[in-house]
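What follows is the residue order along each chain.
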Amino acid sequence: MANHAPKTRIIKVFRYDPAVGGPGHFDRFELKTDDESLTTILDVLIRLQKTQDLSLAFRYACRVSMCGSCGMVINGREALACKTILADLKGEEVTIRPLNHFPVVKDLVVDMEPFFRKYEEGLTYFHAARERSEPAIIRPDSRERRVIESSTECIACGCCVSSCTMANWHKDYLGPAALNRVFTLLADSRDGLHEERLARSLGSCYHCRTELNCTEVCPKEISATRAIKYIQRLAAKEVLKPGSTVRSDLRELMPPQSTAPAALTPEPEDLLPAVPPPTLASRREFLSRTTLGIAALTIVFLGGVLAATALAPTLRKRPEKWVDVGQAEDFPAGSVKTAQIRYPVKDGFYESTVSKPVFVSHQENPDQFTVFNSRCTHLGCMLHWDDGKNLFICDCHGGQFKPDGVVKAGPPPRSMDRYLTMVQDGHLFVQEA
Amino acid sequence: MKKIRTDILIIGMGGAAQLAALNAFDANPDLNIVIVTKALQGKGGCSRMVQGGFNVVLNSADSHEKHLRDTLKGGQYINNQELAKTLVEQATPTIKEMETRYGCFFDRYPDGTVHQKPFAGQSFDRTVHKGDLTGIEIISRTTEQIMKRDIRILEECRALDLLADTTGREIVGALCVDIKQGDFFVVEAAATLVATGGGPTSYRFFAPGPEKTLDGMGMLYRAGVRMVDMEMLQFHPTGLIVPGSVVAGSLLEEGLRGAGAYMLNSLGERYMQRYDPVKMERTTRDVMSRSSFLEMMAGRDCEHGGVDMMAAHLGAEFVEKNFPGMYTRCKLFGYDLARKPVPVSPAAHFMMGGAVIDTACHTSLERLFAAGEDAGGVHGANRLGGNGIADSCVYGRQAGKSMAQYLKQERGIPQADERQIEHLAANYLAPFARTSGPSPLTLRDELREMNWTHVGIARTEEKLQQAIDIIEKIHEEVLMVQLTGTGGRAYNMVWQDWIALFNMLDVSRMISASALQRQETRGAHFRLDYPKQDDRYGLFNIFLNRGANGKPILEKRPVALKYMRPTDVVN
Ligand SMILES: Cc1cc2nc3c(=O)[nH]c(=O)nc-3n(C[C@H](O)[C@H](O)[C@H](O)COP(=O)(O)OP(=O)(O)OC[C@H]3O[C@@H](n4cnc5c(N)ncnc54)[C@H](O)[C@@H]3O)c2cc1C
Ligand code: SF4
Ligand code: FES
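Residues numbered from 1 in each chain as written. Chains lettered and ligands numbered in written order. Predicted model: local features only at pLDDT ≥ 70, side-chain atom pairs only at ≥ 80, totals over all residues. Heavy atoms only, no water.

Topic: the pairing of strand 19 (residues 540-546) of chain B
Strand residues, when the strand is regular, have side chains that alternate between the two faces of the sheet. Residues and elements named next belong to chain B. Applicable threshold: Buried, partly exposed and exposed residues are distinguished by accessible area as a fraction of the type maximum, computed with a 1.4 Å probe on protein chains only: under 20%, between the cut-offs, and over 50%, respectively. Under the DSSP-based scheme used, a helix requires at least four consecutive residues in state H or I and a strand at least two consecutive residues in state E, with every element numbered from the N terminus. When DSSP finds two or more bridges between a pair of strands, those strands are recorded as paired.
Of all seven residues in strand 19, five are buried; the element is thus mostly enclosed. In terms of strand pairing, strand 19 meets strand 20 (residues 552-558) through seven bridges, oriented antiparallel. From the neighbouring strand, N545 faces strand 20, where its bridge partner is I553. Taking the residues that link successive antiparallel strands as the turn, the strand 19-strand 20 hairpin has five residues, and the phi of G550 there is positive, at about 90°.

Put into structure tokens, the structure is as follows:
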């Protein structure tokens, strides 16, 4: 609320003039604000433009977090300018730069074309399974609606894509936002492009390293990570399960020894809607290039499914990055400890440092370290280790995991995510993307 | 200059524009359709900002007749009844198509059928919604459907002016500017639809996104299209006040008052006792806005110059659960909607007036169609909450079908008049050549303040007369603007703001001239000097066209009471 003292801040804004070209630079402004708690970053930009530099360019439309036009990187983190309150930003300086992975048009304005192109590639549009004259009867507490929840509320702001360190590593990676929409359509019993969509998206899902950046930055609190994991499980169940009637053409493509790897068997609390596989309705509206793409991708994704396990990203070729967790002897046998890992991340413009906690569990028998991601597999909240209860606990929705990471209670759909580990020269390392 | 030739040009990409594109395409997939939209695809406009929902008859206990009666009653019986009838009748198939073809999923009753909630001014609970973010669901889904089809989208491209043939009777396309590059281009089309969604951002407090700047109505007026009901501008009673922030004016939805939230002045009085002791805060938007405004003018305004809205007594949990979007929006600024009063003010919200259309969306000019908030007549003197998005979707759908039909006979793409194009382009570039002159941003503030005080919620002859002169003065200054320091033409926001002023000024002209003509109070139009609704004065509409001097020429015409008579007009 009001009653805050006026405050002056240094605002550093990325500038790029298309007429000049080059790498761009930062301009430094000073701005005095009467009440920072009533001032958004969008207000800051509007004021800077009005009072200090008329040529400053940024994008907005609704100014109330509904259109997703004003995504940018504010103090190193993706956010909507119209939803970020100045008072909430700590420190003297505020640094504002355009979203990563997108070509810059001018200053903070990026070209969103790649976003929409990726989005479209995932066949992210409803295609009625059959003609109906009346809205389908679907109970709000039905499985599918509980799975889809508010994930359809994406406003296509691009924050998740910008935060994703994988998005610009793989030409064919659809990225979190598109995959989230794919997921909501796959879960929607009314939709008729089930198999094509699955074929289109599954390969993409194995590019995800479960870093959860997308989940963290999404202004609508959507977890694309959850969506991606859903698609993987769905595929495991529908395509690879022996005797599955789905997509026999896909299964024919598989090598003879192909059965689902153990790690891919759906976990008990799977999220699949109880829906018979839809038959394909008319493909009239389908663009012909789509079909070609599917054939090509099919082969790629099968390779991906067979070779990878849900948590073994190392099977894909890419530079390995091992991050030091600490001295191995600091994690005595039989203990579970929290450690902080830090590592630099390079994106389109800058290198930033990721810092996040991990859990190190040292089991006595066999003598080995397990390092867990500290995010709950439900919606990505931070877990904490409770020594008394001997459980990992999520305060958001009450999820609980046993010391070996297996779900004990609550909504988490699967075990905790773990890192690949290695011990070298007395130090414990985990592999990061 | 780059030229694009197409069968159909659609200006805008809100609900009306998108449904038009989808319906035209589905009627004939061979049609070349080009959408020109000022924002990124699917991101502009108010359709996606719809919170409350969509009025539609779905229940057998409800009827189109009841919906029509509610709509006419809300509009104080000056609606075009033919348009209102088509609205309510076609809303039913429209919403069903949104679910079954486009994949929208609206909230359900526990039994799995589509949920309908109450909304002010309705005799039946008929508002379909998706939580309090209905617009995001509608527009996200229809935008995907556009992507799915072979429809060309030119995003961040702004239509500047409609282009006429040499007779001025036929519209042959539009002059546009690519905002990203700053380059002009022309679209020539066999049929053009204007669907830029009005958007009265020409006031101190406004609800629509600032990106909307009355462009369509300005263009229509300048092209000589006949307009109607321009004095009818709706103020939403509860725009959030956030001092100094661009967020100011953003809405707290009406459902809150529907659920029992009440309004307080600085003395802590529920002042609605004085203005509408029966319906209290559940009264119509016009009465609620006017009452708050009068309280503010009488010096009983609260801390930030507005009034307070109180929802805490409904129970914190109830508010958080049922109005999550509103709760979060307030919370962002430290206001606790679920537990404390929140400062609000009426905010300019919606243009009931607009281009004269028939039920097939033809305007008064050949080849030109209009739909959605840019068109007038559906809502009369006051729009019911939930009829706005219904209007845009229904009439967008009508327009799409109608254009496809029109192009069955008429596929020829006419040519635009080169001289007109050059002349317009030169005018739009003029300020770059000047080195001194006023700033467009200051002039915009001036115009907003002037409209708020002179052409706002409570109007008088004296103020309206003054306004008409001030508008011309501001216009003269706008013509002197310079753009030094704003950079090149690429993504030049200040240049775009300057262009917007022409549209805001033209609409201000239309509003003030029409408001002066209507010497009574009716619906959203409140005259302090004629505070009573006067039915003896006759039920009429004010039509207008642009005169040679740029000012409107007005004509009053009686309303055709084709289906229903004002048996019970209540104020
Ligand atoms: C905050 C808010 C809440 C609302 N809530 C409700 C509600 O609950 N129920 C209800 O029924 N109604 C509601 N309304 C009203 C409703 O949103 C509008 O009546 C309706 O959405 C208008 O639709 P439209 O398609 O005509 O225009 P819009 O949806 O506004 O779309 C206009 C489009 O035109 C584009 N455009 C503008 N100028 C140009 C140009 N020069 N060139 C190219 N493109 C341009 C814009 O970018 C945008 O894409 C609300 C309005 C607001 C502002
Ligand atoms: S998923 Fe979230 S972050 Fe990603 S585009 Fe949608 S709203 Fe933005
Ligand atoms: S301006 Fe629309 S989300 Fe920020």
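Structural notes on the site of ligand 2
Definition in use: Put simply, a residue is near a molecule or strand once any heavy atom of it comes within 4 Å of that molecule or strand. Put simply, Ala, Val, Leu, Ile, Met, Phe, Trp, Tyr, Cys and Pro go in the nonpolar bin, Asp, Glu, Lys and Arg in the charged bin, and everything else, Gly too, in the polar bin.
Neighbouring ligand 2 are C154, I155, A156, C157, G158, C159, C160, A177, C218, P219 and K220 of chain A. When the residues that make up the shell around ligand 2 are grouped by side-chain class, the tally is nine nonpolar, one polar and one charged.

Examining the state of the cysteines
Residues and elements named next belong to chain A. Spelled out, the test is: What counts as a disulfide here is a pair of cysteine sulfur atoms lying within 2.5 Å.
On inspection of all chains with the given rule, the structure shows one disulfide over all chains. The side chain of C381 participates in a disulfide bridge whose partner is C396; the two sulfur atoms lie 2.1 Å from each other. Its S-S torsion of approximately -100° makes the covalent link between C381 and C396 left-handed. Of this pair, C381 sits in the loop between strand 11 (368-373) and strand 12 (383-386) while C396 sits in the loop between strand 13 (391-394) and strand 14 (400-401), placing them 15 residues apart in sequence. On the basis of relative accessible area, C381 is assigned to the buried category, the value being 16%. You can see C205 has no disulfide; the closest cysteine sulfur is in C208, sitting 7.8 Å from it. Note on C205: relative accessible area 0%, which makes it buried.

Some remarks on the side chain of T86 of chain B
All names here are of chain B. Using the following cut-off: The contact rule is simple, with two residues in contact once any of their heavy atoms fall within 4.5 Å.
For T86, the location among the structural elements is in helix 3 (residues 81-100). For T86, a relative accessible area of 13% corresponds to the buried category. Aside from chain neighbours lying at most four places away, what touches T86 is A91, T359, V394, Y395 and Q398.

Details of the site of ligand 1
All names here are of chain B. In plain terms, the rule: Using a 1.4 Å probe, the Shrake-Rupley method yields the accessible areas, and only the shown protein chains count as cover for residues.
Near ligand 1, the surroundings consist of 42 residues, among which C46, S47, E211, K212 and S392 are the closest. Within the complex, the protein chains bury 99% of what would otherwise be the 1,000 Å² of accessible surface of ligand 1. Elements represented by at least two residues in the shell around ligand 1 include exactly helix 1 (15-27), strand 2 (33-37), strand 7 (157-164), helix 5 (215-223), strand 14 (342-351) and helix 11 (387-409). A per-element tally of the shell around ligand 1 places helix 11 first, with four residues. Split by residue class, the shell around ligand 1 holds 17 nonpolar, 18 polar and seven charged.

Looking at the nonpolar core
All names here are of chain B. Our working definition: Side-chain atoms within 4.5 Å link the members of a nonpolar core, which is a set of buried Ala, Val, Leu, Ile, Met, Phe, Trp, Tyr and Cys residues. Note that the domain bounds were set by an automatic or database domain assignment.
Counting residues in hydrophobic clusters, the biggest one holds 134 residues, and the most contacted among them are I10, F54 and L162. At 13 residues, the largest contribution of residues to this core is made by helix 15 (residues 493-517). Here this core gathers at least three residues from each of two domains, domain 1 (238-347) and domain 2 (418-541). Every residue in contact with F54, bar those within four places of it in the chain, is listed here: A91, T94, I95, M98, R126, T127, V128, I138, G386, I389, A390 and C393.

Quick notes on the domain arrangement of chain A
All names here are of chain A. Operational definition: Here the quantity called buried area is the accessible surface, traced with a 1.4 Å probe, that two parts lose on coming together, added over both. Salt-bridge detection follows one rule: a side-chain nitrogen of Lys or Arg within 4 Å of a carboxyl oxygen of Asp or Glu.
The domain architecture assigned to chain A consists of domain 1 (7-109), domain 2 (113-314) and domain 3 (321-432). Taken together, the contact pairs 16 residues of domain 1 with 17 residues of domain 2. On the domain 1 side of the contact with domain 2, E78, H101 and F102 bury the most area, a combined 45% of that side's loss. For the interface between domain 1 and domain 2, the tally reads zero salt bridges.

Quick word on the interface of chain A and chain B
Listed per partner, the contact involves 66 residues of chain A and 70 residues of chain B. Its largest share of buried area at the contact with chain B, chain A owes to L38, R63 and M66 of chain A, together 14% of the area lost on that side. Applying the counting criterion to the chain A and chain B interface returns five salt bridges. In this structure, K50 of chain A and D445 of chain B form a salt bridge, with 2.5 Å as the shortest nitrogen-oxygen distance. Elements with a minimum of two residues in the side of chain A that touches chain B: helix 1 (41-51), strand 6 (104-106) and helix 2 (113-121) of chain A. Counting residues per element, the side of chain A that touches chain B draws most heavily on helix 1 of chain A, at six residues. Residues that form the side of chain A that touches chain B fall into these classes: 36 nonpolar, ten polar and 20 charged.

Structural notes on the packing of helix 3 of chain B against helix 11 of chain B
Residue and element names in this part refer to chain B. Keep this limit in mind: Lines are fitted to the C-alpha atoms to define the axes, a helix being fitted only along its stretch in contact, and any angle between axes, read from their N-to-C directions, falls within 0 to 180 degrees. Throughout this description, any angle smaller than 35 degrees is read as roughly parallel, any larger than 145 degrees as roughly antiparallel, any in the 65 to 115 degree range as roughly perpendicular, and the remainder as oblique.
Helix 11 packs onto helix 3 with a crossing angle of 85° between their chain directions and a minimal axis gap of 8 Å. With respect to helix 11, the axis of helix 3 lies roughly perpendicular. Here E82, L83, T86, L87, Q90, A91, P93, T94, E97 and M98 of helix 3 lie close against helix 11, whose contacting residues are N387, A390, D391, C393, V394, Y395, R397 and Q398. Looking at the contact of helix 3 with helix 11 residue by residue, the class counts come to nine nonpolar, five polar and four charged.

Overview of the packing of helix 12 (residues 418-433) of chain B against helix 15 of chain B
Residues and elements named next belong to chain B. How we decide: Each crossing gets its hand from how the near helix is turned against the far one by less than a right angle, where anticlockwise is left-handed and clockwise is right-handed.
Two elements in contact, helix 12 and helix 15, have axes whose closest approach is 11 Å; the angle formed by their N-to-C orientations is 130°. Judged by the inter-axis angle, helix 12 sits oblique to helix 15. Crossing handedness for the pair helix 12 and helix 15: right-handed. Contacts between helix 12 and helix 15 pair N427, Y428, L429, P431 and F432 from the former with W495, W498 and I499 from the latter. Partitioning the contact of helix 12 with helix 15 into residue classes produces seven nonpolar, one polar and no charged.

A word on the sheet that holds strand 18 (residues 427-432) of chain A
All names here are of chain A. An order of 8-18-17 is seen for the three strands of this open sheet, with the pairing classed as antiparallel. Each having just a single partner strand, strand 8 (321-327) and strand 17 (421-424) make up the two edges of the open sheet. Between one strand axis and the next, the sheet turns by 35° as a mean value, whatever way the strands run. The sheet contact formed by strand 8 and strand 18 spans six bridges and is antiparallel. Residue pairing in the sheet places Q327 in a bridge with H427 of strand 18.

Here's the deal with the confidence of the model for chain B
Quick note on the threshold: Every residue carries a pLDDT, the predictor's confidence in it, which falls somewhere between 0 and 100.
Per-residue pLDDT for chain B has a mean of 95; in total, 99% of the residues score no lower than 70. Across the whole predicted complex the pTM is 0.83, and at the interface the ipTM reaches 0.95.

Observations concerning the packing of aromatic side chains
As a reminder, the rule being used: In summary, the pairing rule links any two rings of Phe, Tyr or Trp, Trp by its six-membered ring, whose centres are within 6.5 Å, and it sorts them by plane angle into stacked for under 30 degrees, edge-to-face for over 60 and tilted for everything else. The criterion for a charge sitting over a ring is simple: Lys NZ or Arg CZ within 6 Å of the ring centre, and within 35 degrees of the ring normal.
Inspection of the entire model under this criterion finds 18 aromatic pairs over all chains. Taken together, a centroid distance of 5.5 Å and an interplanar angle of 85° make the contact between F115 of chain A and F116 of chain A edge-to-face. Neither residue differs from the other here; F115 of chain A and F116 of chain A are each classed as buried. Centre to centre, the rings of F293 of chain B and W452 of chain B are 6.2 Å apart; their planes meet at 75°, and the pair counts as edge-to-face. With F293 of chain B in helix 8 (residues 285-297) and W452 of chain B in helix 13 (residues 440-454), this pair connects stretches of sequence that are 159 residues apart. Put simply, the rings of Y203, F205, F235, F293 and W452 of chain B pair up and form one aromatic cluster. Positioned above the aromatic ring of Y563 of chain B, the side-chain terminus of K85 of chain B is 4.8 Å from the ring centre.

Digging into unusual backbone geometry
Although it is not a glycine, E149 of chain A adopts a positive phi angle of roughly 50°. Locating E149 of chain A in the fold gives a position in the loop between helix 3 (143-148) and helix 4 (159-163). Classification of E149 of chain A as partly exposed rests on a relative accessible area of 41%. Phi angles above zero are rare outside glycine, and D229 of chain B is one such case at about 55°. Along the chain, the position of D229 of chain B falls in the loop between strand 10 (227-228) and strand 11 (233-240). Using a relative accessible area of 0% as the deciding quantity, one classes D229 of chain B as buried.

A few points about helix 11 of chain B
Quick reminder of the rule: A helix is expected to span 1.5 Å multiplied by its residue count minus one.
Taking 1.5 Å of rise per residue, 23 residues should cover 33 Å, and helix 11 of chain B covers 33 Å from first to last C-alpha, within 8% of that figure. Within helix 11 of chain B, 19 of the 23 residues are buried, which leaves the element mostly enclosed by the surrounding structure.

Digging into the pattern of salt bridges
Taken as a whole, this structure holds 59 salt bridges over all chains when the rule is applied. Ionic pairing is found between E253 of chain B and K117 of chain B, a salt bridge with its closest N-O pair at 3.8 Å. Placement of the pair is E253 of chain B in the loop between strand 11 and helix 6 (255-259) and K117 of chain B in strand 4 (residues 116-117), with a sequence separation of 136 residues. Each member of the pair, E253 of chain B together with K117 of chain B, is buried. The residue R522 of chain B makes a salt bridge to E520 of chain B at a minimum N-O spacing of 2.8 Å. Here R522 of chain B matches E520 of chain B in class, with each residue buried. Within this structure, R145, D188 and R190 of chain A together with E99 and R108 of chain B form a network of salt bridges that share partners.

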